[in-house]
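Descriptive structure summary
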Amino acid sequence: MKKTGKYANRQQINNSTESILKIIKPGDVITQTGKSPWWQFWRLAVYWSIRFYQYKLFGKHANTRDVHAMIFLDEDNTFSVELPRATMKPLQEYCLTDFSIYRLQLKELDTEDVKLMKKIARNLVGQNYDLGQILDIAINFLMGYEHQRKLKFFDLGARKKICSVGVRVLFEKLYQERLKQPNAPDRKWLFETLNSQKWSKKFVKNYNGTDVEATAPAHFTNSDFFANEFKLIAQFKQGNLVNA
């Protein structure tokens, strides 16, 4: 995501980082609204496609503006799938951007959980960002597959992901490898149960879970539409805490 703020001001960066580290924990999900100059049309097209899908899926009263999701692992490692490819970056590289912090509520992550998530993330570093997958998600919505990705018109390969899919992969792999009970049913961990108060009865009846590859940033920012898997912890704007 595009940086904002005066990154040459080391004192500002240090103060911001210190403030964020007082709140953020390993395993927290970070979402950003996304900013780009008009001439970077490819980024604007990506942002529009993601917002289109999110707005149509969750409605006008939901938080659908965030277009990027990352996962904080430690001060030097935040896993981010972005143009052109997946990377690990330090907190100081994005500390002056506008972002929100969401925390998993299903389990308090321990040291071994985070260690495994780091291992999984490192295996994903270097994979290309998948513009085709974003188009597929939008088209699948238009075809009536809101939470599934049944049609793959633009899929360029299994080693391509989008930002929020990369984040969810870490959680789903953690569940499969460390948390799933031996006799538990074979299902995904996140966004599998709908909050019936947020959806129509027909929608709830026909729901079959959310595909990993259909996961958008808005799934994390609107988990009250599901089983309240994540909770908003804090929001930062240009390095300053504005909501906690």
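Reading guide: rules and limits
- Residues numbered from 1 in each chain as written.
- Predicted model: local features only at pLDDT ≥ 70, side-chain atom pairs only at ≥ 80, totals over all residues.
- Heavy atoms only, no water.
- Axes fitted to C-alpha atoms, helices over the stretch in contact; angles between N-to-C directions.
- Helix = DSSP H or I, 4+ residues; strand = E, 2+ residues; numbered from the N terminus.
- Parallel < 35°, antiparallel > 145°, perpendicular 65-115°, else oblique.
- Left-handed = near helix turned anticlockwise from the far one by under 90°.
- Contact = heavy atoms within 4.5 Å.
- Nonpolar A, V, L, I, M, F, W, Y, C, P; charged D, E, K, R; others polar.
- pLDDT = per-residue confidence, 0-100.
- Buried < 20%, exposed > 50% of the residue type's maximum accessible area, 1.4 Å probe, protein only.
- Pairing = 2+ DSSP bridges.

**Quick notes on the packing of helix 3 (residues 111-124) against helix 5 (residues 163-179)**
It is the contact of helix 3 with helix 5, at a shortest axis distance of 9 Å, that shows an interaxial angle of 130°. Classified by the interaxial angle, the pair formed by helix 3 and helix 5 is oblique. Judged by the sense of rotation from one axis to the other, the crossing of helix 3 with helix 5 is right-handed. Counting all contacts with helix 3, which are made through Glu112, Asp113, Leu116, Met117, Ile120, Ala121 and Leu124, the residues of helix 5 involved are Val169, Leu170, Phe171, Lys173, Leu174, Glu177, Arg178 and Leu179. Across the contact of helix 3 with helix 5, the residue classes tally to 10 nonpolar, no polar and 5 charged.

**What to know about the confidence of the model for the protein chain**
For the protein chain, the average pLDDT comes to 81, and 80% of its residues sit at 70 or higher. Here residues 134-160 scores under 50 on pLDDT; set against residues more than four positions off or in separate chains, the count is 67 contacts.

**Some details on the pairing of strand 3 (residues 77-81)**
Summarising burial for strand 3: 5 of the 5 residues are buried, a large majority. Burial along strand 3 is two-sided: the face carrying Asn77, Phe79 and Val81 and the face carrying Thr78 and Ser80 are both buried. Where strand 2 (residues 68-74) lies against strand 3, 3 bridges are found, and the strand directions are antiparallel. By the bridge assignment for strand 3, Phe72 is matched with Thr78. The turn linking strand 2 back onto strand 3 is made up of 2 residues. In this sheet, strand 4 (residues 86-89) lies alongside strand 3 in antiparallel orientation, the contact comprising 4 bridges. When the bridges of strand 4 are listed, Ser80 appears paired with Thr87.

**Observations concerning the sheet that holds strand 5 (residues 99-104)**
Strand order in the open sheet formed by 7 strands is 4-3-2-1-5-6-7, and the pairing between neighbours is antiparallel. The sheet is open, and its two edges are formed by strand 4 and strand 7 (240-243), each paired on a single side. With strand direction ignored, the average angle separating the axes of adjacent strands in the sheet is 30°. The pairing of strand 1 (residues 29-32) with strand 2 spans 4 bridges and is classified as antiparallel. Counterpart to Gln32 in the pairing with strand 2 is His68. Helix 3 contacts strand 2, strand 3 and strand 4 of the sheet and is inclined by roughly 125° relative to strand 2.

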